[in-house]
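Okay, here's what each chain looks like letter by letter:
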Amino acid sequence: MNPSIILYLIACVFSISLGQLLFKLAANFSNIHSPQEVTLMSYVSNPYLWSALIIYGSATLFWMWLLRFIPLNQAYPFMALAFVIVPLLSSLFLGEKVDARYLVGVTLIMSGLIVMNYQ
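Residues numbered from 1 in each chain as written. Predicted model: local features only at pLDDT ≥ 70, side-chain atom pairs only at ≥ 80, totals over all residues. Heavy atoms only, no water.

As recorded in an unreviewed UniProt entry, the chain goes by the name EamA domain-containing protein, listed as coming from Roseofilum reptotaenium AO1-A. Under the UniProt heading Subcellular location (unreviewed entry), the entry covering the chain gives this text: "Cell membrane". (UniProt positions renumbered as here; feature names shortened; annotations may be inferred.)

Below, the structure written as structure tokens:
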């Protein structure tokens, strides 16, 4: 697979992962501002939710564009990188913990991607 395509795939997965982080921030924001009940207005006025939807939507369009050039069976395994990126982002920005099991899982995911894309 072309190295530039691989970079595009990684950028797409990173964007989707960033969207996931923003969805978590949106959930926290809604809980802080109306902890007893989440109303439609709490979602409409949630800046994290809007940011997440824009980034996630843009990443989805980017994904569709990429699929014009790459077979799905080659592109889709890269989505497994979200299982690497999302916990890292949540650890860095939300203070969530990652442990040794996470590191083992990351190693297995990365090994799988290397095996699947080795030519």
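**Student:** Even after reading the chapter, I still don't get the packing of helix α5 (residues 82-94) against helix α6 (residues 100-117), so can you show me in this structure?
**Tutor:** How two helices pack is summed up by the angle between their axes together with the distance between the axes. Interhelical geometry of α5 versus α6 gives an angle of 145 degrees and a closest axis separation of 9 Å. In this structure, α5 crosses over α6, and the sense of that crossing is left-handed. Within the contact between the two elements, α5 uses F83, V84, P87 and L88 and α6 uses Y102, V106, I109 and M110. For the contact of α5 with α6, the residue count by class is 8 nonpolar, no polar and no charged. (Axes fitted to C-alpha atoms, helices over the stretch in contact; angles between N-to-C directions. Helix = DSSP H or I, 4+ residues; strand = E, 2+ residues; numbered from the N terminus. Left-handed = near helix turned anticlockwise from the far one by under 90°. Contact = heavy atoms within 4.5 Å. Nonpolar A, V, L, I, M, F, W, Y, C, P; charged D, E, K, R; others polar.)

**Student:** What is the right way to read the UniProt feature "transmembrane region" (unreviewed entry) in the chain from this model?
**Tutor:** With numbering matched to this structure, UniProt assigns "transmembrane region" (unreviewed entry) to residues 6-27, 48-70, 76-95 and 102-118. With 65% helix and 0% strand, the stretch residues 76-95 has end C-alpha atoms that lie 29 Å from each other.

**Student:** When you look at the UniProt feature "domain: EamA" (unreviewed entry) in the chain in this model, what are you seeing that I'm missing?
**Tutor:** As annotated by UniProt and renumbered to match this structure, "domain: EamA" (unreviewed entry) occupies residues 53-117. Spanning residues 53-117, this segment combines 77% helix with 0% strand, and its end C-alpha atoms are found 31 Å apart.

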